[in-house]
Amino acid sequence: MPTRRVKLDRIDRRILDDLQENGRMTNVDLARRAGISAPPCLRRVRALEEAGFIRGYHADIAPELLGYELTVFALIGLSSQAKADLQKFEQLVESWPEVRECHMLAGEADFLLKVVAENWDAYKTFVDERLTAAPNVNHVKTMQVLQTTKHRPGVPIDVDAVDEE
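Quantities reported herein were computed from a predicted structural model and do not represent experimental measurements. (Residues numbered from 1 in each chain as written. Predicted model: local features only at pLDDT ≥ 70, side-chain atom pairs only at ≥ 80, totals over all residues. Heavy atoms only, no water.)

**With respect to the overall build of the protein**
And then number 1: A count of helices and strands for the protein gives 5 helices and 4 strands.
And then number 2: Going residue by residue from the N terminus, the α and β elements of the protein occur as α-α-α-β-α-β-β-α-β.
And then number 3: For 165 residues, the compact-globule formula gives about 15 Å, and the C-alpha radius of gyration of the protein, at 20 Å, lies well above that figure.
And then number 4: The C-alpha extent of the protein, read off along each of the three principal axes, is 55 × 40 × 25 Å.
And then number 5: Out of the 165 residues belonging to the protein, those deemed buried represent 28%. (Helix = DSSP H or I, 4+ residues; strand = E, 2+ residues; numbered from the N terminus. Rg over C-alpha atoms; globule rule 2.2 N^0.38 Å. Buried < 20%, exposed > 50% of the residue type's maximum accessible area, 1.4 Å probe, protein only.)

Structural data, given as structure tokens:
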């Protein structure tokens, strides 16, 4: 959780943009790209972490190389949208490793899940034994990913924006 407000200048935005693109970039390379020396660059990275701008560093794993050939988005409708029921569903979803993302929605469905599975049989087992068997789940609408054209985590960062005052 953010501890304090950090004013972002061009250097901070450059650091965020570069780390978002390559979280393994060395501090020396990051500093060079930002136009500053390594010690103040590291201090800025730590400040951005402490302020909550940087939440973590993750590897982008190729799911197919680990046997996950299927990616599915599932729209979930619950029977009740009471706060306690929504929270119980979210807690249950946390225990399912196949679910890689869970988003609460406004509109026709209550949740959007991103699910990975080895194949259709594995996904069907997940749906039958866990998802539709879960309390309060009223309906599930599945959409299979055929191809991912763009996968860009994070947010667009305008490095050249005018500095905040």
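**Let's talk about the domain arrangement of the protein**
And then number 1: Splitting the protein by domain gives domain 1 (10–50) and domain 2 (64–144).
And then number 2: Its C-alpha centre places domain 1 at a distance of 37 Å from the equivalent point of domain 2. (Domains from an automatic or database assignment.)

**Focus on the sheet that holds strand β4 (residues 137–144)**
And then number 1: Taken in spatial order, the 4 strands line up as β2-β3-β1-β4 in an open sheet, and their pairing is antiparallel. Each edge of the sheet is formed by a strand with only one pairing partner; in this case those strands are β2 (99–104) and β4. Between one strand axis and the next, the sheet turns by 20 degrees as a mean value, whatever way the strands run.
And then number 2: With 7 bridges joining them, strand β1 (residues 70–78) and strand β3 (residues 111–117) adopt antiparallel strand pairing. Looking across to β3, one finds that phenylalanine 73 is bridged to lysine 114.
And then number 3: Across the face of the sheet, helix α4 (residues 83–94) comes into contact with β1, β2, β3 and β4 while running at roughly 15 degrees to β3. (Pairing = 2+ DSSP bridges. Axes fitted to C-alpha atoms, helices over the stretch in contact; angles between N-to-C directions. Contact = heavy atoms within 4.5 Å.)

**As for the pairing of β1**
Looking along a regular strand, one sees side chains alternate from face to face of the sheet.
And then number 1: Burial analysis of β1 places 7 of its 9 residues in the buried class, the great majority of the element.
And then number 2: The pairing of β1 with β4 spans 7 bridges and is antiparallel. Within β4, the position partnered with valine 72 by the bridge is glutamine 144.

**Brief notes about unusual backbone geometry**
If a residue is not glycine, its phi is most likely negative; likewise, a peptide bond is most likely trans.
And then number 1: With a phi angle near 80 degrees, asparagine 136 is a residue other than glycine that sits in the positive phi range.
And then number 2: Here asparagine 136 is to be found in the loop between α5 (120–131) and β4.

**Section: the nonpolar core**
And then number 1: Judged by nonpolar contacts, the single largest core of 20 residues is most densely connected at Ile76, Phe89, Trp96, Leu113, Tyr123, Phe126 and Leu131.
And then number 2: Every element with two or more residues in this core is listed here: β1, α4, β3 and α5.
And then number 3: The element contributing the most residues to this core is β1, with 5 residues.
And then number 4: With 13 residues, the next largest nonpolar core counts Leu8, Ile11, Cys41 and Ile54 among its residues. (Core = buried A, V, L, I, M, F, W, Y, C linked by side-chain atoms within 4.5 Å.)

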